[in-house]
Number of protein chains: 2
Amino acid sequence: MTRWPLPEPMLQALAEARKAADSGEVPIGAVIMRDGVVISTGRNAPRARHDPTSHAEIEAIRAAALALGNERLDGCELWVTLEPCAMCAGAIVHARIARLYYGASDPKGGAVEHGARVFDQPQCLHRPEVYPGIGEAPAAQMLRSFFQQRR
Amino acid sequence: MTRWPLPEPMLQALAEARKAADSGEVPIGAVIMRDGVVISTGRNAPRARHDPTSHAEIEAIRAAALALGNERLDGCELWVTLEPCAMCAGAIVHARIARLYYGASDPKGGAVEHGARVFDQPQCLHRPEVYPGIGEAPAAQMLRSFFQQRR
């Protein structure tokens, strides 16, 4: 089986996920890029921050908007290791993220290709281009190991 | 027509919405209560904060979780002037909010009784009790005035 090297932003999102695991948080990481430049990174940290909204995507979106001084992240792309949940998909809409790349699918909590399917709703104000499955294997493996160690 | 007095938490959420309007933000306000005590308040402030996730519900949830030192707001109720969007409904699930009271329905952006219907998804991990329509008239009137003045 030929293995293609993963794109640099997904490698960086996976590195963020690893840092989350090292802190005892569910390993999910995210990176926001614009024109090939990293604008922000984020990782899952609800326990450490006492913040139920502290998902990798929300952390990366908030940091990018603050860095750019604009609540709208026009032209930005979000790379994240797991399919976003309803909260994060909604934030992606509000932030006007142009392109979403994600690793593993999440049949239980995902809201892009599962459940609430936020971008497929007729009322959805903004639909990013969506590219699933990039880095799926290492992202899913990291999650499996994390939960196995905790059982 | 008999008018019943609005419950105190909704009056406070409406006052938060008014503060948002006074700052030039879309007037939406929220309050989190537990056992009859105010834990936090929040208002819409995405422009001022350069934060697309700065909806009234998210601000109130983050403040309550920080105040209580716990990412889970078990036994808490959220009062908000408008039907929550997908992002905020997702945050309500993650925070394990016990009861949700909201004012006006939002056919365009709402995700409780419209669109993504986040709590109705089979995968939804936690469903709050939902009480819509409390304070609907003043909440909707404030939003209408705000958008009329801006046209």
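See the structure shown above.
Calculation rules
Residues numbered from 1 in each chain as written. Chains lettered and ligands numbered in written order. Predicted model: local features only at pLDDT ≥ 70, side-chain atom pairs only at ≥ 80, totals over all residues. Heavy atoms only, no water. Helix = DSSP H or I, 4+ residues; strand = E, 2+ residues; numbered from the N terminus. Rg over C-alpha atoms; globule rule 2.2 N^0.38 Å. Buried < 20%, exposed > 50% of the residue type's maximum accessible area, 1.4 Å probe, protein only. Contact = heavy atoms within 4.5 Å. Buried area = accessible area lost by both parts, 1.4 Å probe. Salt bridge = Lys/Arg side-chain N within 4 Å of Asp/Glu carboxyl O. Expected span 1.5 Å × (residues − 1). Arc of directions from axis to C-beta.

Caption draft 1: Region of the structure containing the overall build of chain A. For chain A, the helix and strand inventory stands at five helices and five strands. Helices (α) and strands (β) of chain A occur, in sequence order from the N terminus, as α-β-β-α-α-β-α-β-β-α. Whereas a compact globule of 151 residues would reach a radius of gyration of roughly 15 Å, chain A reaches 14 Å, a difference of no more than 12%. Seen through its C-alpha atoms, chain A measures out along the principal axes to roughly 40 × 40 × 30 Å. Considering chain A as a whole, with its 151 residues, one finds that 54% of them fall into the buried category.

Caption draft 2: Structural detail: the interface of chain A and chain B. Facing the 31 residues of chain A at the interface are 31 residues of chain B. Between chain A and chain B lies a buried interface of about 2,400 Å² when both sides are counted; carbon and sulfur atoms form 61% of it. Between chain A and chain B we count two salt bridges in total. We note a salt bridge from B:Asp51 to A:Arg62, for which the minimum N-O separation is 2.9 Å.

Caption draft 3: View of helix α5 (residues 136–149) of chain B. All names here are of chain B. Taking 1.5 Å per residue, 14 residues should reach 20 Å; α5 reaches 20 Å between its end C-alpha atoms and fits that length. Every buried residue of α5 is listed here: Ala-139, Ala-140, Met-142, Leu-143 and Phe-146. Within α5, the buried residues cover an arc of 155 degrees as seen down the axis, which keeps them to one side. With respect to the buried face of α5, the exposed residues turned more than 90 degrees away are Ala-137, Gln-148 and Gln-149.

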